[in-house]
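Each chain is listed here by its residues.
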2 protein chains.
Amino acid sequence: MRALTDTPLNGEEVARVNAYWRAANYLSVGQIYLLDNPLLEQPLRPEDVKARLLGHWGTTPGLNLIYAHLNRVIRQRDRNVLYVTGPGHGGPGLVANVWLEGTYSEVYPEIGRDAVGMRRLFRQFSFPGGIPSHVAPETPGSIHEGGELGYSLSHAFGAAFDNPDLVVACVVGDGEAETGPLATAWHGNTFLNPVTDGAVLPILHLNGYKISNPTVLARISDEALTKLLEGYGWTPYLVAGDDPRTVHQQLAATLDRCFDEIGRRAEGVRPPMIVLRTPKGWTGPKAFHGQPVEGTWRAHQVPLPDARGDAEQLALLDAWMRSYRPEELFDPGGAPRDEITDWLPTGTRRMGATPYANGGLLTRPLELPDFREYAVKVDMPGAQTGEATRVLGALLRDVIRDNAPYRNFRLFGPDETESNRLGAVYEATGKAWHAAVEPTDVNLSPDGRVLEMLSEHTCQGWLEGYLLTGRHGLFSCYEAFIHIVDSMFNQHAKWLKVARHLPWRRPIPSLNYLLTSHVWRQDHNGFSHQDPGFIDHVVNKKAEVVRVYLPPDANTLLSVADHCLRSRDYVNVIVAGKQPAPQWLSMEQAAAHCARGIGIWDWASTDEGDPDVVLACAGDVPTLETLAAAALLRQYLPELKVRVVNVVDLMRLQPVSEHPHGLADPEFDAIFTTDRPVIFAYHGYPWLIHRLTYRRVNHPNIHVRGYKEEGTTSTPFDMVVMNDLDRFHLVMDVIDRVPGLARRAAVVRQTMVDKRAEHHRYVRETGVDLPEITDWLWPAYASA
Amino acid sequence: MRALTDTPLNGEEVARVNAYWRAANYLSVGQIYLLDNPLLEQPLRPEDVKARLLGHWGTTPGLNLIYAHLNRVIRQRDRNVLYVTGPGHGGPGLVANVWLEGTYSEVYPEIGRDAVGMRRLFRQFSFPGGIPSHVAPETPGSIHEGGELGYSLSHAFGAAFDNPDLVVACVVGDGEAETGPLATAWHGNTFLNPVTDGAVLPILHLNGYKISNPTVLARISDEALTKLLEGYGWTPYLVAGDDPRTVHQQLAATLDRCFDEIGRRAEGVRPPMIVLRTPKGWTGPKAFHGQPVEGTWRAHQVPLPDARGDAEQLALLDAWMRSYRPEELFDPGGAPRDEITDWLPTGTRRMGATPYANGGLLTRPLELPDFREYAVKVDMPGAQTGEATRVLGALLRDVIRDNAPYRNFRLFGPDETESNRLGAVYEATGKAWHAAVEPTDVNLSPDGRVLEMLSEHTCQGWLEGYLLTGRHGLFSCYEAFIHIVDSMFNQHAKWLKVARHLPWRRPIPSLNYLLTSHVWRQDHNGFSHQDPGFIDHVVNKKAEVVRVYLPPDANTLLSVADHCLRSRDYVNVIVAGKQPAPQWLSMEQAAAHCARGIGIWDWASTDEGDPDVVLACAGDVPTLETLAAAALLRQYLPELKVRVVNVVDLMRLQPVSEHPHGLADPEFDAIFTTDRPVIFAYHGYPWLIHRLTYRRVNHPNIHVRGYKEEGTTSTPFDMVVMNDLDRFHLVMDVIDRVPGLARRAAVVRQTMVDKRAEHHRYVRETGVDLPEITDWLWPAYASA
Ligand SMILES: Cc1ncc(C[n+]2csc(CCOP(=O)(O)OP(=O)(O)O)c2C)c(N)n1
Ligand SMILES: Cc1ncc(C[n+]2csc(CCOP(=O)(O)OP(=O)(O)O)c2C)c(N)n1
Ligand SMILES: [Mg+2]
Ligand SMILES: [Mg+2]
């Protein structure tokens, strides 16, 4: 691997950057260990040391070194740099740097740049009532916590898209680099425009170890590593050593080279990156109890774990901290000396203060066309069909068109935009692509607003990075495979929960999922493609950040999408089908229905205020089956009083004490009654409805049908039959649950059983659903 | 990239392999399109064509080509080859080959190798009541469905471990290669022993496209791709072209070379792999309606989508199928001609019949030491502490030792075995590692039974591959980060559900998870590391395959682990802590308690058969808090009759109609009463307990405490306080819920409030928990 030998720094510059680095290291160690005596004015006493030592030292000196050198480059070139730290367990390092540059005290005035502030800075770290051990939302300058490893590089690309003035310096842990999401994120260059996007500068931190193992990338040959990184499309530069003087020169020369190359970025040129091979826990204890520590996995967490209880360890800690010569770094009042700070970037050029890391500051609300103009005309409910996502595609096309000048909206997906019937967007834009193009390709464009890579992880990571830097987006995905990013969703939802309560963090655009090709219409791909459980996963997170919508048709989807695109600080999950399906509501009705989130469809009901049974539904396919069941009931049991309720906003079902969207009990009771059977046809796993409603008075009467893990390659209607969600079974459920009906309607019930059997035979013979199923429309008489 | 120019096949051999390939392609197309007229005895009529065309053509000719050539190599070298197909949507291809070789008809006798069988073969594909479109469990020879893309290569490695006689040929889709899990799986060589493990032969299927986009790997330069694959540690050979004659020669030469190299495998030598660059949808329609199809993304699914309704398309389909010259391939009775089959592998050498793909056939039960011998001595409940996972570590050490001769057990984890306190295993084995070793490394060994890579995806994929080929294993992981493999778990659970109902598939060892470093003891890593939701995710899958255990102490953990290691065809989730915690049960009590799965702890109860309140708990930390609350109640409200119930097997809570482990209602009612308040302290998200118990009579009185997404870096006890799961809050809950107690116990309640406040102050001052918390033991008087 190429290693530069230039020595761009003069003696004073080396001393300066080294002193800064020592200061950051000193402050990092102080945070991990000290309760008091921050300036070491006296020898360390046991009571100066925290009783529980929680933190990670090993990665920290490397993070500090890079921060120090980036400061030099930023100041010299007046650049915007965003610092993304893969090994986010190096939290004390980031806090130390941000405090040194002054940002920390601006954001948290109680932690001043003086001895009192330093004492608090140390004390609060990993301490009850204090700050987390990771580079969390609480850390100024961060968009990436780095707790769950693997997403630094996709976050970095997400931040770089459409920010041509930004350089995202992304430290990748060599352990982190073993994760799948990280391993594929290197390919991001194929999607990054060297002119209109910012630059990503990966710094692979080859400190050799993860928790207690060596790392793969540190132990394959230098030749193999070079090939790998070049194969991924980068030009790697090696910075290696354990003598600070040499490493300072080499890192400075290499960063200069990288920023020069970044300045000359062009299509087809492999961008630069850095491989930093320095000891894990550098400058920490060399050894302890005869075992080497510096440069080994033993440096990962807290070396000297009993510094409070064991005098020998305490003395080692004292010596370690003094090795940084704090008296040269801080004045007697605890402020960093001028030599430490006077060459640092200022104002928003400071990496802790960059607005790119507090994206809400940069958010421009989307220009949104009036969604009503995309409406499907619905004169009579259920009388015609439409494809919901195709209709949404037209809206998204114009969102893209109208916001093109601002370059602040993108669509993300794993190669499914077309297959999910959002293809209209290609009338306004293309798919970003910076590799070879063949004549048979369609819709590729170096400047496309659509990002498609067959990696749900990368789509999610890009979108998160894009949102956290203040822009807008939508991720469309097969419903089943969104589980691939369950854990990434977790981390983003946790980030939002914490960030909402930090007054200095501005709201950012919501993370919008469009889940389509959903469980009920994966009849062609079969069982492996059928899983509606992402909703269950999502509702485990804090109610204040999650929203779930199940629009039953195209117009409700338009209204929901408009709402989500305007919202801030949420995760919105929209589940909607792409297949032709009956349209129920006019645009006006749809808007009102979505505003309520739940509603009685009186045109489909016959209850006149006093139902015998409530047919509730949530999701497009369950809504169809429910309406078909309602029609069957009119036909076979005309005297039965049926109320049809549709739920768009799933969170309406929860008590208001559990979710801000929750219906008040009287309202819920009014809609669902307190004593009538409710047959609830639900899109997903049935028990979720129970989990949401178990506190309601009428809960014992709620009977839910949904997906119960039955399915294979078959017909669409066979899918609902296999799960007892079909119209015939819903009618049977009504007959079974309405008191007194069982005997009276025994023949009707039998007819339903026969219908199911007829269906069964027919599909196995013909491979298609019965015409009465495929051609079904809401009977005109009913709504006339 | 290196491409061979040898031409090892004579004319006859080329013709033979080409005829076989044509036959497989013909049968694949037939499956996708035809209902009838399988031998094209007459021109295709509309009614011969299925009304719904569901399948994927594009990938199929490539899969067939590889299968054909592997047949040649297997026969020539008498080797065991397992065929793993990343693009599992090429299902018709695999079925075609397996039918040609005869396996299919042996497994499914109704689908004979004759015209009747061929008609059924065609008809059943992607048809109601038929077979799935993917390489599903129903497909003989498969261990990998390939529905959710990304896991082929980790599955292949999993199958290869400890199978030195096996070559796993693994087709990787070039789209699939963009996924994170696949991108990191290439590193598997660092963990594979060239002598004692089998070989993995990846075949990167560079057909250029995914669904509607080109692929990254097909469009970066040949130089970049070569570097990438060499950087990953492989020796790639290119096979490229669109003229079958040339490609047959080149592929044969390359496979010969690869198998030669595999035969000479040795430490430090980069193993071979193949890059197969052939047209997507090769031999299919060249174009349609003026748009190219063969060699483009348009070939991905079903070309000629309206072959039934449109005469032009029907004619094209007819011509396409006849282009394979079926009359040369099949005799008039529909059997493949001798020339097609007489050179194929026979018996279990056939890839469809290899026992490696029906791993239960090869399973040797584990030698399991008596788990009782590892017991912690518990004379009095709660009187001493132990570290549950450390105790388990000793058992696992001996499992490894005792089964070492059979090489059929492995431990998997993302660099956390030591941190999860299972380090005792290193007394019996090491961690597999085949890259450079430094003097500071510990426990590395080329033959280690422990596999640690910082990729949860790879750990999971390896373990699945290992189990599906009949061996045993355990995956230990931080609880929060197991969500990374949510979707992989889904796919495995779905596989098991289907496989259980296929009589010819033999039971395989269960997938065992040990989730530790759990939500309550991630006080040091903070909020991002706190998520107990995997259990919620798991219980959405079919009850018949999932099991969840929450052993409260070391002895119960031993008993549960023993049970899981003996079980078959399940996914077992065990959640257990690694921190010092009170030990409750003697080994004898523990075994009985685990056998029941739930139990009243009478030594902790004061109810004498008629409780005022039931304190239930599941999970180690909730158990501790519950017992501490019970002790407080004895102290402050001695007259209150308290029953303590502990749940080890979470599935016991469900009705027996929902889960085979479910308690019958009378039993549940006996334990939990039908009318007394139940204060349930649960390890995870509280609503799961409601979801499991909502059908029970006493459900309205069940009040659950659990994790509600509150946490940060703090003390362990502060974690439970933040979530109202602490002993003091449980006592308050009792006071609030037991009728009549509120007024009487108002002062006690106030004391509890004060205790929480005292805790709050104390931890924020000292950083550690109150001594009365950390030193708490079950008061001896109580059980004496
Ligand atoms: C996905 C994931 N798995 C496991 C962990 C547990 N873990 C925390 S730090 C660490 C090692 C990180 O190694 P590396 O990326 O090299 O960072 P560094 O050496 O700089 O500390 C691991 C495995 C994690 N944080 N995330
Ligand atoms: C994880 C995942 N995401 C998305 C899909 C949807 N999908 C099905 S096939 C396919 C393209 C596969 O391309 P490739 O791997 O190149 O296979 P081939 O070209 O051989 O068909 C995609 C994206 C999927 N099956 N799995
Ligand atoms: Mg490292
Ligand atoms: Mg492909």
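Provided above is the structure to which this section pertains.
Residues numbered from 1 in each chain as written. Chains lettered and ligands numbered in written order. Predicted model: local features only at pLDDT ≥ 70, side-chain atom pairs only at ≥ 80, totals over all residues. Heavy atoms only, no water.

Visitor: So what's going on with the coordination of the magnesium ion (ligand 3)? Residues and values would help.
Guide: Residues and elements named next belong to chain A. For the magnesium ion (ligand 3), the full set of protein donor atoms is Asp-174 (OD), Asn-207 (OD1) and Tyr-209 (O), at a range of 2.1 to 2.2 Å. In the primary structure, the donors to the magnesium ion (ligand 3) are separated according to the pattern D-x32-N-x1-Y. Of this pair, Asp-174 sits in the loop between β2 (166-173) and α7 (180-185) while Asn-207 is found in the loop between β3 (199-205) and α8 (216-219), placing the two residues 33 residues apart along the sequence. Asp-174 sits in the buried class, given a relative accessible area of 2%. (Donors = N, O, S within 2.8 Å, 3.2 Å for Na, K, Ca; no water. Helix = DSSP H or I, 4+ residues; strand = E, 2+ residues; numbered from the N terminus. Buried < 20%, exposed > 50% of the residue type's maximum accessible area, 1.4 Å probe, protein only.)

Visitor: Kindly report on helix α5 (residues 115-124) of chain B, identifying the contributing residues and their values.
Guide: Residue and element names in this part refer to chain B. Restricting attention to buried positions, one finds in α5 the residues Gly-117, Met-118, Leu-121, Phe-122, Arg-123 and Gln-124. Here α5 starts with a cap whose side-chain oxygen sits 3.3 Å from the backbone nitrogen of Val-116, and that cap is Asp-114. Count one or two residues on from α5 and you reach Ser-126, which has phi positive near 50 degrees. (Polar contact = N/O pair within 3.5 Å; in protein donor to acceptor, adjacent residues only side chain to side chain.)

Visitor: Pulling in residues and values, what's your account of the sheet that holds strand β21 (residues 678-682) of chain B?
Guide: Residue and element names in this part refer to chain B. In spatial order, the strands read β18-β20-β19-β21-β22; together these 5 strands make up an open sheet with mixed pairing. With one partner strand each, in any of the chains shown, β18 (598-600) and β22 (702-705) form the two edges of the open sheet. Across the sheet, the mean angle separating the axes of adjacent strands is 20 degrees when strand polarity is ignored. In the packing of helix α20 (residues 620-636) onto the sheet, the strands contacted are β19 (613-618), β20 (642-647) and β21, and the crossing angle to β19 comes to about 155 degrees. (Pairing = 2+ DSSP bridges. Axes fitted to C-alpha atoms, helices over the stretch in contact; angles between N-to-C directions. Contact = heavy atoms within 4.5 Å.)

Visitor: Hey, could you go over the interface of chain A and chain B for me, with residue numbers and the actual values?
Guide: Contact with chain A, which involves 119 residues of that partner, is made by 120 residues of chain B. Of the roughly 9,500 Å² buried between chain A and chain B, counting both surfaces, carbon and sulfur atoms make up 55%. Across the contact surface, chain A and chain B share 16 salt bridges. Our count for the chain A to chain B interface comes out at 74 residue pairs in polar contact (both at pLDDT 80 or more). (Buried area = accessible area lost by both parts, 1.4 Å probe. Salt bridge = Lys/Arg side-chain N within 4 Å of Asp/Glu carboxyl O.)

Visitor: Hey, could you go over the sheet that holds strand β21 (residues 678-682) of chain A for me, with residue numbers and the actual values?
Guide: All names here are of chain A. Taken in spatial order, the 5 strands of this open sheet run β18-β20-β19-β21-β22, and their pairing is mixed. Each end of this open sheet is capped by a strand with a single partner; those strands are β18 (598-600) and β22 (702-705). Sheet twist, expressed as the mean angle between neighbouring strand axes with direction ignored, is 20 degrees.

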